[in-house]
Amino acid sequence: MSDPKSEPASAAPRVPTIDLRPWLSGDPDTRAGIARTVDSALRTAGFLLVTGHGVDPALRDAIRVAARAFFTLPAASKEPYAARVGGRGWLGPGAEANGYSEGTETPPDLKESLTFATHEEFEDPETNAEWYAPNVWPAEVPELRALCEEYLARMAELENHLLALLGEALGLRPDFFTRHMDHPTYGFNINWYPGTDVLGEPEPGQFRIGPHTDFGTVTILDRQAGRGGLQVFTDEGGWEDAPFDPAAFTVNIGDLMARWTGDRWRSGRHRVLPPSADAPAEELMSLVYFGECTPGTLVESVPTPVGRVAYPPVDSHVYLREKLDSITVN
């Protein structure tokens, strides 16, 4: 893999901006045009920018302020909240290497995370034991819980709108995906990407997040622009800086959604660059919502002519657990 700092700048990839307002309230022709645009975009990069979502930017800003107050605490104060990948709590430096999911032995990702997940228990004891645990809210920043819970409620609403749009973009019924989301195991990561003054100089091949695809259905990302920011991969252009709009969420589909569509849509491959030599003290923070389906959902590829590849049916959460385990640094 080449050094990202040596790669030439290139034009923005084919990642369109979708305004949800005319999708939610527009006439049939307008909605059909939006669905066609989404279908086209997800065949190439697997990414969209989404505006018109109605999520207050002040809420996102307040979460970042509260989370930063935690991340900048001494390590000894954060250690009681330490968790493993897929758990609830603090993922410290060295806990995760997303490149492992592609079979690449990369150094650990240059980040810290606060990670939360579904807040409601499951009726089935085995499912509950595997996929539920109480969220861990740092006592040092008591304001974070209410902010995140409000944000997660908005993300659940937005995810349902997006999944209905995706169902129609495939030419299928709008509840084709949403009917499998009655009790999902969503995940929510607040990723802190400090500068080299905190985490040191990057090792060769080390990223803030290594190259990977997400594992589940749909990811909703609130990001900040930076020199060491998000890049997406397309067959036409290779690695390219992701387009940025501060009013938009960056949305991509994951591996399960790609399987579900029989590879009509591609799971959006991406990475987050290490701090740039031109801006070593750059600090970024991302809010990442991972939308998933209800445990036990059988994911079967849609048939041709919509789908392209017929994957064997897979239990959604057997698949997800294998992927989460694959990126854990032991």
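As a reminder, the structure under discussion sits directly above these lines.
Note that the structure is predicted; figures quoted are calculated from it, not measured. Numbers given for residues are sequential positions, taken from 1 along each chain in its written order. Residues qualify for local features only when their pLDDT is at least 70, as the model is predicted, and side-chain atom pairs are given and counted only at 80 or more; totals for whole chains, interfaces and linings, by contrast, use all residues. Side-chain numbers come from the whole structure's heavy atoms, not from hydrogens or water.

A. Looking closely at the overall build of the protein chain. Scanning the protein chain for helices and strands turns up nine helices and 14 strands. Values of the radius of gyration come from C-alpha atoms, whereas the globule rule sets the reference at 2.2 Å times the count of residues to the power 0.38. Relative to the compact-globule value of 20 Å for 330 residues, the protein chain shows a C-alpha radius of gyration of 19 Å, a close match. With the C-alpha coordinates aligned to their principal axes, the bounding extent of the protein chain is approximately 55 × 50 × 40 Å. Pairs at least 24 apart in sequence give 78% of the contacts found in the protein chain among residues at least 6 apart. Calculation of accessible area relied on Shrake-Rupley with a 1.4 Å probe; when residues are assessed, cover is drawn exclusively from the protein chains displayed. Element-wise, carbon and sulfur atoms account for 52% of the exposed surface of the protein chain, whose accessible area totals about 14100 Å². As used throughout, the charge tally considers Lys and Arg to be positive and Asp and Glu to be negative, leaving His and the chain termini uncounted. Note that the charge is assigned to NZ on lysines, CZ on arginines, CG on aspartates and CD on glutamates. Charged side chains in the protein chain number 28 positive and 49 negative. The centres of these two groups are separated by 4 Å. Counting from the N terminus, the helices are the DSSP runs of H or I reaching at least four residues and the strands are the DSSP runs of E reaching at least two. Here a residue-residue contact requires only that any non-hydrogen atoms of the pair lie within 4.5 Å.

B. Examining the packing of helix α2 (residues 28–44) against helix α6 (residues 143–169) more closely. Packing of α2 against α6 brings their axes to within 8 Å, and their N-to-C directions diverge by 85 degrees. Taken together, the axes of α2 and α6 are roughly perpendicular relative to one another. Residue-level inspection shows R31, I34, A35, V38, D39 and L42 of α2 in contact with α6, the latter providing L165, L166, E168 and A169. Ten residue types, Ala, Val, Leu, Ile, Met, Phe, Trp, Tyr, Cys and Pro, are classed as nonpolar, four, Asp, Glu, Lys and Arg, as charged, and the remainder, Gly among them, as polar. Of the residues in the contact of α2 with α6, the class split is seven nonpolar, no polar and three charged. Here an angle of 0 to 180 degrees is reported between the N-to-C directions of two axes, which are lines fitted to C-alpha atoms, with helices fitted over the stretch in contact. Note on terminology: angles under 35 degrees are roughly parallel, angles over 145 are roughly antiparallel, angles of 65 to 115 are roughly perpendicular, and the others are oblique.

C. Structural context of the sheet that holds strand β12 (residues 284–291). The eight strands lie next to each other as β1-β2-β10-β7-β12-β5-β4-β3, forming an open sheet whose pairing is mixed. Strand pairing shows two members of the sheet lacking a second neighbour, β1 (17–19) and β3 (89–91), which therefore form its edges. In this sheet, neighbouring strand axes are inclined to one another by 25 degrees on average, regardless of whether the strands run parallel or antiparallel. Each of β3, β4 (112–117), β5 (187–193), β7 (218–222), β10 (249–253) and β12 is contacted by helix α3 (residues 57–71), which is oriented at about 110 degrees to β12, the strand it contacts most. At least two DSSP bridges between two strands are required for those strands to pair.

D. Spatial organisation of the pairing of β5. Of all seven residues in β5, seven are buried; the element is thus mostly enclosed. In this scheme, a residue with accessible area under 20% of its type's maximum is buried, one over 50% is exposed, and one in between is partly exposed, where area comes from a 1.4 Å probe on protein chains only. Judged by which residues are buried, β5 turns out to be covered on both faces: G187, N189, N191 and Y193 on one side and F188, I190 and W192 on the other are all buried. In the sheet, β4 pairs with β5 via six bridges, with the strands oriented antiparallel. Paired with E112 across the strands is W192, a residue of β5. Relative to β12, β5 runs antiparallel, the two sharing seven bridges. Among the inter-strand pairings, Y193 is bridged to a residue of β12, identified as L284.

E. Main features of the side chain of R264. With respect to the helices and strands, R264 occurs in the loop between α8 (255–260) and β11 (270–272). Here a polar contact means two N or O atoms within 3.5 Å. Within protein one must be a hydrogen donor candidate and the other an acceptor candidate, and residues neighboring in sequence count only if both atoms are side-chain atoms. Within the structure, R264 has its side chain in polar contact with the backbone oxygen of V306 (distance 3.2 Å). The contacts of R264, once residues within four sequence positions are left out, are D39, L42, R43, L170, P305, V306 and R308.

F. Just the environment of M257, in detail. Note on placement: M257 falls in helix α8. Beyond its immediate sequence surroundings of up to four residues, M257 is in contact with L163, L166, F177, G216, T217 and W265.

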